[in-house]
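# Fold and contact review
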Amino acid sequence: MKSKGFIRSAQLQRHKRALGDAPSIGRVTKMPGVGAPKSRRTKGSNGDKKRITHDQRSHQIVIRIWSVMLCIATLAFFSAAIWFTLLHNRVFEKAVDNHPLDGASKSNRVVAQFGSLSQDQGLLFVREALAVRDIQQVEKYFRLGNSSTQDVVDYLKSSVSSDGKIKDMKWLGNTSGGRRELDEVVILFEGLEDHLKNRSALLTHDSAGHWKIDFEAFARTVKPSWADLLGGNANVGEVRIYASNDNYYNGPFKNEQEWSCYGMISPDMEELLIGYCRVGSAQEKAMDQVVSSDVKVARTTLEIRRVKGADKRQFEISKVIAADWVKGDVPLDETFQ
C-alpha cells in the first residue's frame, strides 16, 4: 500500500452537511432480532417469559400472606376493643356465691321494695336529670352525698365542655347481680374515642322509694384531687377506681407473704396505680370479694394512703368503702371485721 493511501485511510472522514440537516452517525450495525416477530425476536425470550411469570406468582403469594396477616391483626384489634369496652363500660359485677357483699349468707339477696324503673322510664329520667340547671330541681333527680346542689349544677354546666354533647344512652338495668336495687345507664358522648371516659349514671332509691342518680358516682368524685394525691400534696384520699388482681411487689410492699396486690385505674388519669392490703385483713377479704374470679375488673370506692418509701404509684388500701361507686351507710370492710 502506498503511504499516501495509508494516510488518507487513517484520516478522520469529514462529512459536509447543510444547516438543518440531521447529523450523520455513519453505518450502524443492525442488532440481532430487530424486525423479527416477537415470538422469534431472541433466543432467550421464552426463558425471560417464564422468569417473569415466576416472579409475578411469588409476588402474588407474598401479597396474599400479608393480606391474611392484616385481616387477622384487624380482627384481633377489634376483638380486644370490644372486650375492653364491655369490661370497662359495663363492668359486670357478678356476685360471688360464697361471699355476698353484705357478709351474710348467699341466700340473703336484696328484695325489691319499690320496684325498678323500666328501660323507657330510666332513659327519660337520666336525660331530664342531665338537663337540670335550676338548683331547686337538683334533689328531685340526684342523690347528693357530701355534695351541694350548687356543686351539681356547676358540674352539669361544665360537663358540656369537658365531656361533650350526649351521643347516646344505653340501658343496662341492674348490674349488681341482684345484691342491691341499683340500675345503670351508660351515657355516650360525641367525640370521645376512649370508651372508658363515657359515664355511668347509677340509679338508687331513697328511703321513700324515689329513684335518683348518685351524683358522686356519676362525677367519679375523688377527695382530694388526683393531682394532689399523685403530686404528693396529700397522703390520704377517697377514690373511685376500677380494680383487678395484680402481682407487682416492690419497696415497702415487696413481701408477698404480707401483702395482697391490686391494680387500680381511673378514667380520669393516665397512670396505673398499685394498691396493697395486708394479708388476712378485713380490707383483703373485702377486696377479694369485690375483685372475684367472676368479675376480674370491678368498680370500687376506696380509701388509700401513701406509705413511706413507696413509689408514687403505690398506696396501701386502708379502707374498702363500697363494692361500687355508690357508697352505703357502712363501709364494706367493716362487715368482715
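The notes below deal with the structure included here. Source: prediction; values computed, not measured.

Quick notes on the rules
Residues numbered from 1 in each chain as written. Predicted model: local features only at pLDDT ≥ 70, side-chain atom pairs only at ≥ 80, totals over all residues. Heavy atoms only, no water. Helix = DSSP H or I, 4+ residues; strand = E, 2+ residues; numbered from the N terminus. Contact = heavy atoms within 4.5 Å. Pairing = 2+ DSSP bridges. Axes fitted to C-alpha atoms, helices over the stretch in contact; angles between N-to-C directions. Core = buried A, V, L, I, M, F, W, Y, C linked by side-chain atoms within 4.5 Å. Buried < 20%, exposed > 50% of the residue type's maximum accessible area, 1.4 Å probe, protein only. Salt bridge = Lys/Arg side-chain N within 4 Å of Asp/Glu carboxyl O. Phe/Tyr/Trp six-rings, centres within 6.5 Å; stacked < 30°, edge-to-face > 60°. Lys NZ or Arg CZ within 6 Å of the ring centre and 35° of its normal.

Residue placement: Thr 300 occurs in strand E9 (residues 298-305). Residue contacts for Thr 300: discarding those within four places in its chain leaves Val 239, Arg 240, Ile 241, Ala 243, Val 290, Val 320, Ala 322, Ala 323, Asp 324 and Trp 325.

The next subject is the environment of Asn 198. Within the element layout of this structure, Asn 198 appears in the loop between strand E3 (183-189) and strand E4 (199-205). A C-alpha to C-alpha distance of 5.2 Å links Asn 198 and Leu 188, two positions ten residues apart in sequence.

What follows deals with the sheet that holds strand E7 (residues 259-265). The strand order around the closed barrel formed by five strands is E6-E7-E8-E10-E9, and the pairing between neighbours is mixed. Averaged over neighbouring strand pairs, the angle between their axes works out to 55° when direction is ignored. Bridge analysis of strand E6 (residues 236-245) against E9 gives eight bridges, and the strand direction is antiparallel. In the strand pairing of E9, Glu 238 is matched with Glu 303. This element, helix H8 (residues 282-290), spans E6, E7, strand E8 (273-278), E9 and strand E10 (314-322) of the sheet and lies at about 75° to E10.

Moving on, we come to the nonpolar core. Soluble globular proteins: nonpolar side chains tend toward being buried together. Counting 28 residues, the largest nonpolar core has Trp 226, Val 239, Met 287, Leu 302 and Ile 317 as its most contacted members. Contributions of two or more residues to this core are made by helix H7 (226-231), E6, E7, E8, H8, E9 and E10. With sequence-adjacent residues up to four places away left out, Ile 317 is seen in contact with Tyr 262, Met 264, Gly 275, Tyr 276, Cys 277, Gln 283, Met 287, Leu 302, Glu 303 and Ile 304. Core analysis: the next-biggest nonpolar cluster, separate from the first, contains 27 residues, Val 126, Leu 144, Val 153 and Met 169 among them.

Here we take up the sheet that holds E4. Taken in spatial order, the five strands of this open sheet run E1-E5-E4-E3-E2, and their pairing is mixed. The sheet is open, and its two edges are formed by strand E1 (142-143) and strand E2 (166-174), each paired on a single side. Where E4 lies against strand E5 (residues 211-214), three bridges are found, and the strand directions are antiparallel. Bridge pairing links Thr 204 to Lys 212 in E5.

Okay, the pattern of salt bridges next. On inspection of all chains with the given rule, the structure shows 13 salt bridges. Where Glu 238 meets Lys 327, a salt bridge forms, and the shortest distance between an N and an O atom there is 3.3 Å. In this pair, Glu 238 sits in strand E6 while Lys 327 sits in the segment after E10, placing the two residues 89 residues apart along the sequence. A salt bridge links Asp 324 to Arg 299, with the shortest nitrogen-to-oxygen separation between them at 2.9 Å. Of this pair, Asp 324 sits in the segment after E10 while Arg 299 is found in strand E9, placing the two residues 25 residues apart along the sequence. Here the two residues Asp 324 and Arg 299 agree in accessibility, since each one is buried. Ionic contacts of the salt-bridge type, sharing partners, join the residues Glu 184, Arg 299 and Asp 324 into one network.

In the structure shown here, the tally under the stated rule is eight aromatic pairs. Pairing Tyr 249 with Tyr 276 gives two aromatic rings, centres 6.3 Å apart and planes at 55°, and the pair type is tilted. Taken together, the residues span a long stretch of sequence, with Tyr 249 in the loop between E6 and E7 and Tyr 276 in strand E8 at a distance of 27 residues. Among the residues examined, Tyr 249 registers a relative accessible area of 22% and is labelled partly exposed. For Tyr 276, a relative accessible area of 0% puts it in the buried group. Within the aromatic cluster, the residues linked to one another by ring pairs are Phe 142, Tyr 155, Phe 215 and Phe 218. The ring of Tyr 248 carries Arg 313 above its face, with NZ or CZ at 6.0 Å from the centroid.

As far as function goes, none of this settles anything; it's purely spatial.
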